[in-house]
Amino acid sequence: MKHHTREQLQVFAQIEPDVRPLNMSHSERLERWAELLEQSPTRHLATLYETEHQSAAVRDTLRSDGSPISVAFNDPMLRAAGLEDDTYGEALRFFGLRDWQLHGVICYCHFGATVHAATAAGLVRSILNGERSGLLARMRALFFG
């Protein structure tokens, strides 16, 4: 076995620093997700079709390119913290959400085929703030200031 210094290895190999999982709290994960969504507030994001009518096994595998969940998955920080993919089930696990909470952010039945990133961000923030129904809170804010 031949040994090389780090400098010698850099000539023919890309050396990555040790990768350690990023430790983020439940609140920090949700806050990061909301911030990512707020970066392009007018962006139209894909929803997931009728999540409430799927079995848990099917619902957990649902995903869509360009969804609010895929915005989170595209973030290196959230992936480093353990987000493994952009499925509904993984979002439930990683963000520590209940079905009704994620349903309120991502389901077609609330928004149609797309949801504005700003709306999704507001719903994530309402979950972070402990509001019972993010959708109702968002609607209340829109209509009643």
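Residues numbered from 1 in each chain as written. Predicted model: local features only at pLDDT ≥ 70, side-chain atom pairs only at ≥ 80, totals over all residues. Heavy atoms only, no water.

Visitor: What is the right way to read the pattern of salt bridges from this model?
Guide: Where side chains of opposite charge bring their charged atoms close, a pairing between them can arise. A full pass over the atoms with the stated rule returns seven salt bridges. We note a salt bridge from Glu38 to Arg125, for which the minimum N-O separation is 2.7 Å. With Glu38 in helix α2 (residues 26-38) and Arg125 in helix α9 (residues 117-128), this pair connects stretches of sequence that are 87 residues apart. Its relative accessible area of 34% is what places Glu38 among the partly exposed residues. Overall, Arg125 belongs to the partly exposed group, its relative accessible area being 22%. In this structure, Arg63 engages Asp65 in a salt bridge whose closest nitrogen and oxygen atoms are separated by 2.5 Å. A relative accessible area of 39% means that Arg63 is categorised as partly exposed. What you see here is one network of salt bridges that share partners, running through Glu31, Glu38 and Arg125. (Salt bridge = Lys/Arg side-chain N within 4 Å of Asp/Glu carboxyl O. Helix = DSSP H or I, 4+ residues; strand = E, 2+ residues; numbered from the N terminus. Buried < 20%, exposed > 50% of the residue type's maximum accessible area, 1.4 Å probe, protein only.)

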